[in-house]
Amino acid sequence: MDAEAEASTVAEALDQLWRLYPGLRDRVLTEQGQVRPHVNVFVGPDSIRDTGGLSTPLEGRMEIAIIPAVSGGVAPGRDG
Amino acid sequence: MADVRHVSPKDGDALLMVGTMKGAFLFRSRASRARWERGGVYFPGNPVYAMAYDGRAGRHRLWAAPESFHFGSVMRSSDDFGKTWTSGETANLRFPEDSGASLKRVWQIAPGRAEEPEVLYAGVEPAALFESRDGGKKWSLVRGLWEHPHRPQWQPGGGGQCLHTVLVDPTRRERIHVAVSAAGVYRTDDGGRSWRTAHKGVRAQFLPDKHPEFGQCVHKIVRHPSRPDRLYLQNHWGLYRSDDAGESWKDVASGVPSDFGFGMAVHPYDPETVYIVPLESDEFRCTPEGRLRVYRTRDAGKSWQPMTRGLPQKDALETVLRDALATDGFEKAGVYFGTRSGKLFASRDSGTSWAQLADGLPPVVCVKAAVVAKARGKGH
């Protein structure tokens, strides 16, 4: 799905997305407000893990993409 | 996407809930437990470590905690045996902000006492206990345990740092036991406000001090409702019984090929009868000698006998995990277990003989069995 927002940081843009689609927030962020470890958020081609996380600034017209990491499926066996 | 089949259990039927690394399944049978129908797969692709059946107050409610590798874990329930489930959108079990913790996995869902039909408990990773007092709509962290001075030093076991077992005392309203890997057994007698260790006598084989104040890697504890002060414990090395609600433990590993294992279950009508599946070692974690044997005691652990009829006794290197062994509620008890290799076995004669119910499932991590309760107004 696509949505448009005016925002100066990734966090601000995502806050607007959560308002449009409230169910998305808990899927992308942990209860501590951090991006889940196996979800990647990109601004243009760059992962925000390398550019300042959720406070990554936005300038001009940028595309933010939320993409599950390729590390999907089941993690190798732990006993439990 | 896999086709989803459904089952429609009736009052008095046997119901099995099977959580695997890639979704959940239901099995239902008449009380004879001779033929089983299978439902699922529910939550395909998601590990389901915790399931529960809540038949209190006229409900027929299933609980499951599917866990998306990417998108986290959610508590979901179904009042129509899996045909529809509550929404998975909002994280309904969440650590409060001041805890600094984030939910990794739900390991256990435990309905509370029969007299408190709106109370449920959940044991999670990182190790913590959650409680719901409104039938599972809202969940809150049990602060008394979270703020226990030992907690910051709890170490993870091989499966992670998890609170994997919750036992409510059916007679003492304020008493709950929990087990944490690798921390031990903790008990509250005041409804969760204060907790103390309850694992005196349980060894920590893997530590220089074999009897530390805490740090025991307890894999499972079980209790019989008719004798609530008696508990049995499968340890990371060690098999124990307590007759004083966990104040002290006595080693009861005699006649077993190994005292290492995960799962443990108690007979629904006989507090002296307990089931385990010994595994060779913590290094190998497979059934000894390639023989898949359930060991049963009928004298509260004084002696254990191997149950082999109907179970493979050659080249069967199987692993049964801590929540993958269960009993149902019939007087002639059904005993069930699932393996990491995706097999499901059932006994309908209290463990004496066995039949394979399924093969080719994803690795089984959770097996829960129940008798479907009579709905309110139909004989209650």
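Keep in mind that this is a model prediction, so the values were computed, not measured.

K.L.:
Explain the overall build of chain A here, please?
P.N.:
From N to C terminus, chain A includes 2 helices and 3 strands. In chain A, the succession of helices and strands from N to C terminus is α-α-β-β-β. Relative to its 80 residues, chain A shows a buried fraction of 14%. Within chain A, counting contacts between residues at least 6 apart in sequence, those at least 24 apart form 48% of the total.

K.L.:
Would you take a moment to explain the overall build of chain B for this structure?
P.N.:
Along chain B, the regular secondary structure elements total 1 helix and 28 strands. In terms of overall dimensions, chain B is globule-like: its C-alpha atoms have a radius of gyration of 19 Å, near the 21 Å expected for 380 residues. Overall size of chain B, expressed as C-alpha extent along the three principal axes, is 50 × 50 × 40 Å. By the burial criterion, 53% of the 380 residues in chain B qualify as buried. When contacts within chain B are restricted to residue pairs at least 6 apart in sequence, those whose partners lie at least 24 apart make up 50%.

K.L.:
Explanation requested: helix α1 (residues 10-20) of chain A in the structure shown.
P.N.:
Each full turn of the α-helix corresponds to 3.6 residues, which orients residues three or four apart in the same direction. Residues and elements named next belong to chain A. Within the sequence span of α1, burial applies to V10, A13 and L14. The arc that holds every buried residue of α1, seen down its axis, measures 95°, which confines them to one face. Contact partners of the buried residues in α1: β1 (39-43) and β3 (64-68).

K.L.:
Got a minute to help me understand the sheet that holds strand β9 (residues 120-125) of chain B in this structure?
P.N.:
Sheet strands pair by backbone hydrogen bonding; their relative direction is either parallel or antiparallel. Strand order in the open sheet formed by 4 strands is β8-β9-β10-β11 (chain B), with antiparallel pairing between adjacent strands. With one partner strand each, in any of the chains shown, β8 (105-111) and β11 (140-141) of chain B form the two edges of the open sheet.

K.L.:
Can you walk me through the confidence of the model for chain B in this structure?
P.N.:
A low pLDDT means the predicted coordinates there should not be read in detail. When the pLDDT values of chain B are averaged, the result is 95; 98% of them are 70 or greater. Reported confidence for the predicted complex is 0.79 by ipTM and 0.93 by pTM.

K.L.:
For this particular structure, what's the right way to read the interface of chain A and chain B?
P.N.:
Interfaces are often sized by the accessible area lost when the parts come together. Each side of the interface is counted separately: chain A has 17 residues, and chain B has 24 residues. It is helix α2 (residues 22-28) of chain A that contributes the most residues to the side of chain A that touches chain B, 3 residues altogether. Here the side of chain A that touches chain B is built from residues that sort into 4 nonpolar, 7 polar and 6 charged.

K.L.:
Where do I start with the sheet that holds strand β25 (residues 335-338) of chain B in this structure?
P.N.:
All names here are of chain B. Strands sit in the order β24-β25-β26-β27 across an open sheet of 4 strands; the sheet is antiparallel. Pairing within the sheet leaves two strands with one partner each, and these edge strands are β24 (325-327) and β27 (355-358). For this sheet the average axis-to-axis angle between neighbouring strands, irrespective of direction, equals 25°. By the bridge criterion, 4 bridges tie β25 to strand β26 (residues 344-347) in an arrangement that is antiparallel. The residue of β26 that forms the bridge with G338 is L344.

K.L.:
What is the right way to look at the nonpolar core in this model?
P.N.:
Nonpolar side chains in soluble globular proteins tend to end up buried together. Ranked by internal contacts, the top residues of the largest apolar core, which has 117 residues, are V18(B), M51(B) and V367(B). Residues in contact with V18(B), not counting those within four places in the same chain, are A24(B), F25(B), F27(B), G338(B), L344(B), L361(B), V364(B), C366(B) and V367(B). Listed in part, the 5 residues of the second largest apolar core include V10(A), A13(A), L14(A) and V41(A).

K.L.:
Hey, could you run me through the environment of R59(B) in this one?
P.N.:
Residue and element names in this part refer to chain B. By the secondary structure assignment, R59 is in the loop between β4 (48-54) and β5 (61-68). Using a count of 17 C-beta atoms within 10 Å as the deciding quantity, one classes R59 as partly exposed. Sequence-wise, R59 and P96 are 37 residues apart; in three dimensions their C-alpha atoms are separated by 30 Å. With near-sequence residues (within four places) excluded, R59 lies in contact with D54 and D79.

K.L.:
Looking at this structure, I do not really get the environment of E125(B). What am I missing?
P.N.:
Residues and elements named next belong to chain B. Relative to the helices and strands, E125 resides in strand β9. Note: C-alpha distance between E125 and G184 (59 residues apart in sequence) is 15 Å. Apart from residues lying up to four places away in sequence, E125 is in contact with K104, R105, W107, G160, Q161 and C162.

Rules and cut-offs
- Residues numbered from 1 in each chain as written.
- Chains lettered and ligands numbered in written order.
- Predicted model: local features only at pLDDT ≥ 70, side-chain atom pairs only at ≥ 80, totals over all residues.
- Helix = DSSP H or I, 4+ residues; strand = E, 2+ residues; numbered from the N terminus.
- Buried ≥ 20, exposed ≤ 12 C-beta atoms within 10 Å, placed from the backbone.
- Contact = placed C-beta atoms within 7 Å.
- Rg over C-alpha atoms; globule rule 2.2 N^0.38 Å.
- Arc of directions from axis to C-beta.
- Pairing = 2+ DSSP bridges.
- pLDDT = per-residue confidence, 0-100.
- Nonpolar A, V, L, I, M, F, W, Y, C, P; charged D, E, K, R; others polar.
- Axes fitted to C-alpha atoms, helices over the stretch in contact; angles between N-to-C directions.
- Core = buried A, V, L, I, M, F, W, Y, C linked by C-beta atoms within 7 Å.

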